[in-house]
Amino acid sequence: MHPLSFRRGPLLFALLGFAAGAALTRIPLEGPRIPVLLAGGTAALFALTLLALRRAFRVVLPAVFALWMGVGLWSTQLEPAARPQRELAAY
């Protein structure tokens, strides 16, 4: 049996990071999430990932995971809110 490595599961790795980012949005906050801060954080994570690819390859995996978490946060932030079903409240 081969040991588990990143080379055998990059899609699973990205999926887990995306799901972790989407799950973080379920944690209630006191104030609203500001999209400008979310954009700045995602841009900073992208820059960190590029820097890690060029300078320190051993820290690329955590940087890529954090970047996928940021993408998951963005995905949930941009998802339209569910329409309230007021017709069902009368039953």
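Residues numbered from 1 in each chain as written. Predicted model: local features only at pLDDT ≥ 70, side-chain atom pairs only at ≥ 80, totals over all residues. Heavy atoms only, no water.

1. Description of the side chain of Thr 49
Tracing the sequence through the fold places Thr 49 in helix 2 (residues 35-54). What makes Thr 49 buried here is its relative accessible area of 7%. Those residues within four positions of Thr 49 in sequence are excluded, and the remaining contacts are Ala 63, Val 64 and Leu 67. (Helix = DSSP H or I, 4+ residues; strand = E, 2+ residues; numbered from the N terminus. Buried < 20%, exposed > 50% of the residue type's maximum accessible area, 1.4 Å probe, protein only. Contact = heavy atoms within 4.5 Å.)

2. A short note on helix 1 (residues 10-24)
Look at helix 1: 21 Å from first C-alpha to last across 15 residues, which is about the 21 Å you get at 1.5 Å a residue. Listing the buried residues of helix 1 in full gives Phe 13, Ala 14, Gly 17 and Gly 21. Buried residues along helix 1 cover an arc of 95° about the axis, so they all sit on one side. Exposed positions of helix 1 whose direction lies more than 90 degrees from the buried face are Leu 11, Leu 12 and Leu 15. Looking at the packing, one finds that the buried side of helix 1 touches helix 3 (60-78). (Expected span 1.5 Å × (residues − 1). Arc of directions from axis to C-beta.)

3. Topic: the packing of aromatic side chains
On inspection of all chains with the given rule, the structure shows one aromatic pair. Ring plane angle 55° and centroid distance 5.4 Å describe the contact between Phe 13 and Phe 65, whose orientation is recorded as tilted. Taken together, the residues Phe 13 in helix 1 and Phe 65 in helix 3 connect sequence positions 52 residues apart. (Phe/Tyr/Trp six-rings, centres within 6.5 Å; stacked < 30°, edge-to-face > 60°.)

4. Focus: the environment of Leu 73
Mapping Leu 73 onto the fold places it in helix 3. In contact with Leu 73, other than residues within four places in its own chain, are Gly 21, Ala 22, Leu 24, Thr 25 and Leu 38.

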